[in-house]
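Fold and geometry: a report
Here's the letter readout for the chains.
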Amino acid sequence: MSSLDSLHGYLSRMKRPERVVCGVAAIMADKFNWSCLWTRSTWVLIVLMNPAIGLLLYFVLALALPKR
């Protein structure tokens, strides 16, 4: 398996609107009609830049979004 195959598999998984962790990015992408790949990429950047606030916000949204 080449690295190109594994990258293609990763990108195809990130584009599918299924739950990866809690499904926050998929729910937000569906609600606002955004690309699921770019929404997940943005969440990764937020968490990498400020892990405490990013993860706190992510899990608060994980609790709040499915109820709406």
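As the structure is a computational prediction, the values presented were derived from the model and not from experiment.

**Considering the nonpolar core**
- Counting 7 residues, the largest nonpolar core consists of Val-24, Ala-25, Met-28, Trp-43, Tyr-58, Ala-62 and Leu-65.
- Counting residues per element, the ones that place at least two in this core are α2 (24-32) and α4 (51-64).
- With 3 residues, the single largest contributor to this core is α2.
- Beyond its immediate sequence surroundings of up to four residues, Ala-62 is in contact with Cys-22 and Val-24.

**Focus on the packing of aromatic side chains**
- Tallying each qualifying case throughout the model produces 3 aromatic pairs.
- Taken together, a centroid distance of 5.5 Å and an interplanar angle of 90 degrees make the contact between Tyr-58 and Phe-59 edge-to-face.
- A residue is classified by how much of its surface remains accessible, and Tyr-58, at 11% relative accessible area, is buried.
- On the basis of relative accessible area, Phe-59 is assigned to the partly exposed category, the value being 41%.
- The rings of Trp-43, Tyr-58 and Phe-59 are connected pair by pair, giving a single aromatic cluster.

**Some remarks on the packing of α2 against helix α3 (residues 36-49)**
- Contact geometry of α2 with α3 gives a least axis separation of 9 Å together with a crossing angle of 130 degrees. Here α3 runs oblique to α2, going by the angle between their axes. Between α2 and α3 lies a crossing whose hand is right-handed. Across the interface between the two elements, Val-24, Ala-25, Ala-26, Met-28 and Ala-29 from α2 touch Cys-36, Thr-39, Arg-40 and Trp-43 from α3.
- By residue class, the composition of the contact of α2 with α3 is 7 nonpolar, 1 polar and 1 charged.

**Comments concerning the packing of α3 against α4**
- α4 packs onto α3 with a crossing angle of 135 degrees between their chain directions and a minimal axis gap of 5 Å. In terms of orientation, α3 and α4 fall into the oblique class. Between α3, through Trp-43, Ile-46, Val-47, Leu-48 and Met-49, and α4, the contact on the second element is made entirely by Pro-51, Gly-54, Leu-55, Leu-57, Tyr-58 and Leu-61.
- Split into classes, the residues belonging to the contact of α3 with α4 amount to 10 nonpolar, 1 polar and no charged.

Calculation rules
- Residues numbered from 1 in each chain as written.
- Predicted model: local features only at pLDDT ≥ 70, side-chain atom pairs only at ≥ 80, totals over all residues.
- Heavy atoms only, no water.
- Core = buried A, V, L, I, M, F, W, Y, C linked by side-chain atoms within 4.5 Å.
- Buried < 20%, exposed > 50% of the residue type's maximum accessible area, 1.4 Å probe, protein only.
- Helix = DSSP H or I, 4+ residues; strand = E, 2+ residues; numbered from the N terminus.
- Contact = heavy atoms within 4.5 Å.
- Phe/Tyr/Trp six-rings, centres within 6.5 Å; stacked < 30°, edge-to-face > 60°.
- Axes fitted to C-alpha atoms, helices over the stretch in contact; angles between N-to-C directions.
- Parallel < 35°, antiparallel > 145°, perpendicular 65-115°, else oblique.
- Left-handed = near helix turned anticlockwise from the far one by under 90°.
- Nonpolar A, V, L, I, M, F, W, Y, C, P; charged D, E, K, R; others polar.

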